[in-house]
Amino acid sequence: MAKTVAIGVTGSIAVYKIVDLVSKLKKDDIEVVVMMTEGATKFVSPLTFKTISGREVLTDLWQESQEWKVQHIGIAEQIDFLLIAPATANFIAKMAHGIADDFLSTVVLANTAPCLIVPAMNSNMYKNSVVQDNIKKLIDYGYKFMDPDSGLLACGVIGQGRLPEIDDIYTQVNRLLFPKKDLLGKRLMVNAGTTCEDIDPVRFIANRGTGKMGYCIAQEAIARGAEVILVSGKSHLEPPAGVKFESVWGAEEMCRVMLDYQSSCDIIIGAAAVGDFRIVNIAEEKIKKMDGHSEKMILELAENPDILKTLGTMKRSHQIMVGFAAETQNVLENARIKLSKKNLDFIVANDVTAEGAGFACDTNIVTLIGRDGKIKSLPKMSKEDVAAAIIDRVVELIKS
Ligand code: PMT
């Protein structure tokens, strides 16, 4: 039976882009119900959406309907998926506080289908703690979010707040609407974020890893039915709902925790940026400034355990192990060496100097290199899509 997607459009300049999304979904024979807030109708006429969707556009809580049932309840019962895009700060706030004062917000409250929210707004508004708290609250309630893109915003500011590309929203809607459950019954452990090595009680050494790549893998694996253990170093991200979350600090602790789970996992993925060194003598008190009394401050470092290599030595026959290679030169050559040294099934090579790849961005550019010699270079993709491609490859290996 054809699926029904409801799209809640709220008042942002990005409203016009949603017309293309409706058209794409319609081409897939998906029934699309468009609901607009009053603000959204100031940017694009409901008639445009009516023409493209082939259905009445719902804007008014009090509009007359042929159906006997109160219309917002009827719609909420019919839909398989609810998308709010673009989602303004105001509408996100209403959702987070259960305010139901127009057609769309009443449908949101009555809805029980999966819901994806795609914010679009000025970057300072997006970064505002009130907006971020509302987003966090909604994530805790089980709502899914797509991060806005960065770039030149309609208000002339450069920053994060743009509606993501329609193709990316389309892919995400499809992924959530038709979830593959090809990891059902599998236990997957992924590490993410940066490890931190203490220097003294107030200072530590870390790196640029934010956890985004690893958290996307955890999210994708959960969506595809796996039981997921996310072992995370420092990261500001919210763990995806449903994962078993282990928060760690240094590389030695990360290694210990992963060793505890190692034997029970079917799949192990190393996406964390693990520090290769730790401080030999961590100072018990805060190290004082030298005030010019000495030329240098010398820290003695010892090598950390190589977590994946350690896990690789005890790899079980059914286990699939995947690593990343964060490279700045000779990317494929260095990645191949790591693949073999760590006894991996495949490695995800990323040139962390390339724009739109590696640390702290929403996209990545990777090449998957298999133990079997198979190579697949992927174009620049969102980290969500890279995660999906990695899980696709894992599933291929499980089936082979
Ligand atoms: O977190 P983001 O901001 O999204 O950034 C993503 C990322 C750049 C961190 C990610 O895509 C990535 O490349 N992760 C691996 C970073 C890294 O440590 O690469 P490496 O080439 O130094 O190590 C190779 C592999 O061995 C990695 O899987 C790493 O997790 C693992 N390793 C490394 C050192 C160590 N002591 N133990 C390990 O297990």
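**Student:** Mind showing me how you'd approach the side chain of Glu197 here?
**Tutor:** Here Glu197 shows up in strand E9 (residues 197–198). For Glu197, which is buried and forms no salt bridge, the nearest opposite charge comes from Arg278, at a distance of 6.0 Å. Looking at Glu197, its side chain comes within polar contact range of the main-chain nitrogen of Ala251, at 3.0 Å. Here Glu197 is in contact with Arg203, Phe204, Ile205, Gly250, Ala251, Phe277, Arg278, Ile279 and Asn304, once residues within four sequence places are set aside.

**Student:** How should I be thinking about the pairing of strand E4 (residues 115–119) in this particular structure?
**Tutor:** When you tally the buried positions in E4, you get 5 out of 5 residues, the bulk of the element. Both faces of E4 are covered, namely the face carrying Cys115, Ile117 and Pro119 and the face carrying Leu116 and Val118. Relative to E4, strand E3 (residues 81–87) runs parallel, the two being bridged by 4 bridges. Bridge pairing in E4 places Leu83 opposite Leu116. The pairing of E4 with strand E5 (residues 144–145) spans 2 bridges and is parallel. Directly across from Ile117, in E5, lies its bridge partner Phe145.

**Student:** What am I meant to see in the site of the ligand here?
**Tutor:** Neighbouring the ligand are 27 residues; Thr210, Gly211, Gly270, Lys338 and Asn350 lie closest to it. Within the backbone of Gly211, one N or O atom sits 2.7 Å away from an oxygen atom of the ligand. In isolation the ligand has 770 Å² of accessible area, and contact with the protein removes 96% of it. Comparing atom positions with the cavity grids shows the ligand to sit within the second largest pocket.

**Student:** I would appreciate a short explanation of helix H8 (residues 129–140) in the present structure.
**Tutor:** Working note: α-helix, 3.6 residues per turn, so residues spaced by three or four point in the same direction. The terminal C-alpha atoms of H8 lie 16 Å apart, and with 12 residues this matches the ideal 16 Å at 1.5 Å per residue to within 8%. All buried positions along H8 are accounted for by Val131, Asn134, Ile135 and Leu138. Each buried residue of H8 lies within a common arc of 100 degrees when the element is viewed along its axis, so the set occupies one face. H8 presents Ser129, Asp133 and Asp140 as exposed residues on the side facing more than 90 degrees away from its buried surface. The inward-facing, buried residues of H8 abut helix H5 (89–96), E4, helix H7 (123–127) and E5. By the N-cap criterion, in which a side-chain oxygen at the helix start approaches the backbone nitrogen of a residue two or three places on, H8 is capped by Asn128, the distance to Val130 being 2.8 Å.

What counts and how
- Residues numbered from 1 in each chain as written.
- Predicted model: local features only at pLDDT ≥ 70, side-chain atom pairs only at ≥ 80, totals over all residues.
- Heavy atoms only, no water.
- Helix = DSSP H or I, 4+ residues; strand = E, 2+ residues; numbered from the N terminus.
- Buried < 20%, exposed > 50% of the residue type's maximum accessible area, 1.4 Å probe, protein only.
- Lys, Arg positive; Asp, Glu negative; His and termini not counted.
- Salt bridge = Lys/Arg side-chain N within 4 Å of Asp/Glu carboxyl O.
- Polar contact = N/O pair within 3.5 Å; in protein donor to acceptor, adjacent residues only side chain to side chain.
- Contact = heavy atoms within 4.5 Å.
- Pairing = 2+ DSSP bridges.
- Near = heavy atom within 4 Å.
- Areas by Shrake-Rupley, 256 points an atom, 1.4 Å probe, with all protein chains shown as cover.
- 1 Å grid on protein atoms, 1.4 Å probe; cavity = no way out; pocket = protein on both sides within 12 Å on 5 of 7 lines; lining within 4 Å.
- Sits in = over half its atoms within 2 Å of the grid points.
- Expected span 1.5 Å × (residues − 1).
- Arc of directions from axis to C-beta.

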